[in-house]
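# Report on the structure
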Amino acid sequence: MTQFIPFVEVAAAVIIRPNGHFLLTSRPEGKPYAGYWEFPGGKIEAGESALQALGRELQEELGIQIKQAYPWITRVFTYAHATVRLHFYRVVDWYGEPFGRERQLLSWQTVDNLSVTPLLPANFPVMRGLALPPIYAITNASELGEEAMLHKLEHALQQGLKFLQIREKSLASDRFCWLASEIIRRAHTFEAKVVINSDILLSRELGADGVHLTSAQLMSLSSRPDVNWCGASCHNAEELYQAERIGVDFVVLGPVLPTVSHPGLTTLGWQKFSSLIRDYSLPVYALGGLVQTDLAIALQQGGHGIAMLRDVWVDK
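The following refers to the structure shown. (Residues numbered from 1 in each chain as written. Predicted model: local features only at pLDDT ≥ 70, side-chain atom pairs only at ≥ 80, totals over all residues. Heavy atoms only, no water.)

## A short note on the layout of surface pockets
- Looking at the largest pocket, its volume works out to about 1200 Å³.
- Along the wall of the largest pocket there are 38 residues; nearest its centre are Leu132, Pro133, Pro134, Gly160 and Lys162.
- The set of elements that each furnish at least two residues to the lining of the largest pocket consists of β6 (83-95), α2 (124-130), α4 (146-158) and α10 (295-300).
- Of all the elements, α4 adds the most residues to the lining of the largest pocket, at three residues.
- Each residue belonging to the lining of the largest pocket can be placed in one class, and the counts come to 19 nonpolar, ten polar and nine charged. (1 Å grid on protein atoms, 1.4 Å probe; cavity = no way out; pocket = protein on both sides within 12 Å on 5 of 7 lines; lining within 4 Å. Points joined across faces, edges and corners; volume = space filled by probe spheres on them. Helix = DSSP H or I, 4+ residues; strand = E, 2+ residues; numbered from the N terminus. Nonpolar A, V, L, I, M, F, W, Y, C, P; charged D, E, K, R; others polar.)

And the structure:
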């Protein structure tokens, strides 16, 4: 006889302090996986939205009320006792100070120094997503010039930039390699991640942190490239599905708004952007005609952050 495994909808909270620390809680005695660490949350009851369930659960478990929360990623995981669909929200503001109302342990953690164990298996991919900064910069030496690009990069790194893609289609091979090597060297000095657009082999040779696949590359692959970080450009539901299927780490979706480089291109708009990524399992960066003040809108629509080619290099 086939064993029936229940399917459970769950709301989960990544409660994040301004310094980037997030809250993990231990599962109380009497529950499956007792003693394991997880993001707080619980089952979505009939008639509740995921956000309503999350608000109720955080009040019951931690004694706090949500002030600001953003929809993020949705992950499905099968345990021995149930298959759960976890709707993750990033909770960035709340009323009260969290404490264990169910006598569970609490611990503020960081991705780079995770000190509690064991972690509930479903949460490992979430840690991967949390390691991605909200701003994803794309180099623009073709407009700025190589030396100006490096100067602006240095300034942006000093201001806290932690993630960028090297994309320079018009540069000759030798100039590209020189510029990419300089960018990687400078970025790594500030512990920033660097991926190279489309060239998997070159990303390894130059010591980059990974590769960003074009949409055409993405659709041609049957498996994820063997690199540390792998992103992909997407424009529609089919490409988003393929990125999910081969297991890239993040995607960029656009164009959301009209761009200087492609003024006549059909845009998604924020409503279509939000619709395409609802209940999506990977972190999604919005791209296309965006400025840094659009970050808040992207987060509200379920995005992980924004990718920028021009505004990110404007001195603020």
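## Thoughts on the side chain of Ser26
- Mapping Ser26 onto the fold places it in strand β2 (residues 22-26).
- For Ser26, a relative accessible area of 9% translates into the label buried.
- Not counting chain neighbours up to four residues away, the residues in contact with Ser26 comprise Gly35, Tyr36, Trp37, Gln104 and Leu105. (Buried < 20%, exposed > 50% of the residue type's maximum accessible area, 1.4 Å probe, protein only. Contact = heavy atoms within 4.5 Å.)

## Describing the sheet that holds strand β7 (residues 106-109)
- With respect to topology, three strands assemble into an open sheet ordered β3-β2-β7, the strand pairing being antiparallel. Edge positions in the open sheet fall to β3 (37-38) and β7, since each of these has one partner strand only. (Pairing = 2+ DSSP bridges.)

## Overview of the side chain of Thr74
- For Thr74, the location among the structural elements is in strand β5 (residues 65-78).
- Taking the relative accessible area as the measure of exposure, Thr74 reaches 8% and is therefore buried.
- Apart from residues no more than four positions distant in its own chain, Thr74 is found in contact with Arg85, Leu86, His87, Asp279, Tyr280 and Ser281.

## Things to note about the packing of aromatic side chains
- Inspection of the entire model under this criterion finds 13 aromatic pairs.
- With a centroid separation of 5.3 Å and an interplanar angle of 85°, the aromatic rings of Tyr136 and Phe250 are classed as edge-to-face. On the criterion of sequence distance, the pair formed by Tyr136 in strand β8 (residues 135-138) and Phe250 in strand β13 (residues 250-253) is long-range, its members being 114 residues apart.
- For Tyr136, a relative accessible area of 0% translates into the label buried. (Phe/Tyr/Trp six-rings, centres within 6.5 Å; stacked < 30°, edge-to-face > 60°.)

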